[in-house]
Amino acid sequence: MKVKTLGQFIIERQSDFPYAKGELSRLLRDIGIASKIVNRAVTKAGLIEILGETGDTNVHGEQVKKLDVFANEQFIAAFKAGGEVCAIASEENDDIIPIYSDISKNAKYVVGIDPLDGSGNIDVNVSVGTIFAIYRRKSEVDSAGQLSDFLQSGLKQIAAGYVVYGSSCMLVYSTGRGVNGFTLDPSIGEFCLSHPDIKIPEHGKIYSINEGNYLRFPDGVKKYIKYCQEEDKSTDRPYSSRYIGSFVADFHRNLMKGGIFIYPSTAKSPQGKLRLLYECHPMAFIVEQAGGMATDGFQRILEKKIALLHQRTPLFIGSKAMVEKAMEFMREFSSEKV
Ligand code: AHG
Ligand code: MN
Ligand code: MN
């Protein structure tokens, strides 16, 4: 198959945006560069002083890992050097990071990012990832971006994507015209188109949820889990339970094979654990572009109101028929509105 690099693909698709002058193309290029640098660190994390904890805790009260900090620094540096971004909202930073410099005077994009997702898995060699959401700024150009630039509906995303640092390094993204996957070819240091026009199967046989929280799940979730476990050959049940604790890796597997990922409200996280801006919005954008569905159990993720930078939400995401089934149980047994 003729190799098509990410750069060639972006330029080829730039014509999808008649008014684009290449800014989004350059921003996606900057994300690709930072991803390659993070991948290099992830693949040899055991060998360089980058494992373990920094001893700090972040705004979410979670232990900060050295690779979280490294990844965050790489993406921030890439966005600052690229000149296309006027502010960043990162899981690793309590407040937004405004950017204003000579080269970013006319920057028109802001980026929400989870620089390293699944960081609890870094030290045990399980796949981790990066998730990003790109919005057009609402504030005036020729100034740094503002908080209001991030508090936009998920429907306003210009582009969204993720990188999975796994058995291979893959970049998957959408600009609203389908979903395409690129695999890093380390021998040439380029992301190459490997999964054109990704579509998630309507149905799947995988459900992904941390069943350790079962006792405090909403009744609708408990009922859906039992539904997944019932014997019924006509609907391919029982399904398989697959959960590795890295949202990006769990999501990517289900996108490829079909399946549903659920992080509902739990005792520890009554509003769910995943963050709307830089985990749920981008993945909801991607899954819908691939023909799937993403809700909070009752409402479409992309239509939820966002009021806080690190706002959490329950998440039901994946194959359309499976998310619809889970929502039936939520309507019947857990009518509370989130
Ligand atoms: P992050 O490392 O960016 O904080 O994300 C971790 C998230 C997500 O990747 C994963 O699905 C979830 O935490 C796992 O949470 P539990 O361990 O509570 O199941
Ligand atoms: Mn995360
Ligand atoms: Mn993270």
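Residues numbered from 1 in each chain as written. Chains lettered and ligands numbered in written order. Predicted model: local features only at pLDDT ≥ 70, side-chain atom pairs only at ≥ 80, totals over all residues. Heavy atoms only, no water.

Caption draft 1: Inspection of the domain arrangement of the protein chain at higher detail. Segmenting the protein chain into domains produces domain 1 (6–195) and domain 2 (206–333). On a C-alpha basis, the centroid separation for the pair domain 1 and domain 2 is 24 Å. In this complex, domain 1 contributes 49 residues to the contact, which on the side of domain 2 involves 31 residues. Between domain 1 and domain 2 the total buried area reaches about 2800 Å² when both faces are included, carbon and sulfur atoms providing 66% of it. Linking domain 1 to domain 2 there are 1 salt bridge. Arginine 275 is the salt-bridge partner of glutamate 91, the closest N and O atoms lying 2.6 Å from each other. Remark: the boundary between domain 1 and domain 2 carries 18 residue pairs in polar contact (both at pLDDT 80 or more). Counting residues per element, the ones that place at least two in the side of domain 1 that touches domain 2 are β3 (85–90), β5 (109–117), β6 (128–136), β7 (157–165) and β8 (169–174). (Domains from an automatic or database assignment. Contact = heavy atoms within 4.5 Å. Buried area = accessible area lost by both parts, 1.4 Å probe. Salt bridge = Lys/Arg side-chain N within 4 Å of Asp/Glu carboxyl O. Polar contact = N/O pair within 3.5 Å; in protein donor to acceptor, adjacent residues only side chain to side chain. Helix = DSSP H or I, 4+ residues; strand = E, 2+ residues; numbered from the N terminus.)

Caption draft 2: Representation of the coordination of the manganese ion (ligand 3). Summarising the metal site, the manganese ion (ligand 3) is bound by the protein donors Glu91 (OE), Asp114 (OD) and Leu116 (O), whose distances to it range over 2.2 to 2.3 Å. Taken in chain order, the donor set of the manganese ion (ligand 3) reads E-x22-D-x1-L. In this structure, the manganese ion (ligand 3) is positioned 3.7 Å from the manganese ion (ligand 2), and both are ligated by aspartate 114. With glutamate 91 in the loop between β3 and β4 (97–98) and leucine 116 in strand β5, this residue pair connects regions lying 25 residues apart in the sequence. In this pair, the class of glutamate 91 matches that of leucine 116, namely buried. (Donors = N, O, S within 2.8 Å, 3.2 Å for Na, K, Ca; no water. Buried < 20%, exposed > 50% of the residue type's maximum accessible area, 1.4 Å probe, protein only.)

Caption draft 3: How the structure looks around the coordination of the manganese ion (ligand 2). Within the first shell, the manganese ion (ligand 2) binds the protein through Asp114 (OD), Asp117 (OD) and Glu279 (OE), at distances of 2.0 to 2.1 Å. Sequence positions of the donors to the manganese ion (ligand 2) reduce to the motif D-x2-D-x161-E.

Caption draft 4: Representation of helix α4 (residues 219–229). Within α4, the full set of buried residues consists of Gly220, Val221, Lys222, Tyr224, Ile225, Tyr227 and Cys228. Close packing links the buried residues of α4 with β11 (206–208), β13 (260–263), β15 (315–318) and α7 (320–333).

Caption draft 5: Structural detail: the packing of aromatic side chains. Under the criterion given, the structure shown has 13 aromatic pairs. Considering the side-chain rings of phenylalanine 9 and phenylalanine 182, the 5.0 Å spacing of their centres and the 75 degrees angle between planes classify their relative orientation as edge-to-face. Of the two residues, phenylalanine 9 sits in helix α1 (residues 6–14) while phenylalanine 182 sits in strand β9 (residues 179–185), which places them 173 residues apart along the sequence. For the pair phenylalanine 9 and phenylalanine 182, one class covers both residues: buried. (Phe/Tyr/Trp six-rings, centres within 6.5 Å; stacked < 30°, edge-to-face > 60°.)

Caption draft 6: Representation of the environment of glutamate 303. Residue placement: glutamate 303 occurs in the loop between β14 (293–295) and β15. Once the C-alpha coordinates of glutamate 303 and proline 186 are considered, the two residues, 117 residues apart in sequence, prove to be 39 Å apart. In terms of polar contacts, glutamate 303 uses its side chain to reach the side chain of arginine 300, at 2.9 Å.

Caption draft 7: Just the nonpolar core, in detail. If you look at the biggest cluster of nonpolar residues, it comprises 42 residues, and the most contacted ones within it are Tyr162, Phe247, Phe251, Met283 and Ile317. Put simply, the parts of the chain that give this core at least two residues each are β3, β6, β7, β8, α5 (247–257), β13, α6 (276–289) and β15. If one sorts the elements of this core by residue count, α6 sits on top with 9 residues. Two domains each provide a minimum of three residues to this core, namely domain 1 (6–195) and domain 2 (206–333). (Core = buried A, V, L, I, M, F, W, Y, C linked by side-chain atoms within 4.5 Å.)

Caption draft 8: Layout of the site of ligand 1. Close to ligand 1 lie 18 residues; Asp117, Gly118, Tyr243, Phe247 and Tyr263 are nearest. Between serine 119 and ligand 1, the recorded distance is 2.9 Å, taken from a backbone N or O atom to an oxygen atom. In this structure, lysine 273 approaches ligand 1 through a side-chain N or O atom, which is 3.0 Å from an oxygen atom. Across the complex, the protein chains shield 85% of the 470 Å² of accessible surface that ligand 1 would expose by itself. Assessed atom by atom at 2 Å from the grid points, ligand 1 resides in the largest pocket. Elements supplying a minimum of two residues to the shell around ligand 1: β5 and β13. Ranked by residues supplied to the shell around ligand 1, first place goes to β5 with 3 residues. A per-class count over the shell around ligand 1 returns 6 nonpolar, 5 polar and 7 charged. (Near = heavy atom within 4 Å. Areas by Shrake-Rupley, 256 points an atom, 1.4 Å probe, with all protein chains shown as cover. 1 Å grid on protein atoms, 1.4 Å probe; cavity = no way out; pocket = protein on both sides within 12 Å on 5 of 7 lines; lining within 4 Å. Sits in = over half its atoms within 2 Å of the grid points. Nonpolar A, V, L, I, M, F, W, Y, C, P; charged D, E, K, R; others polar.)

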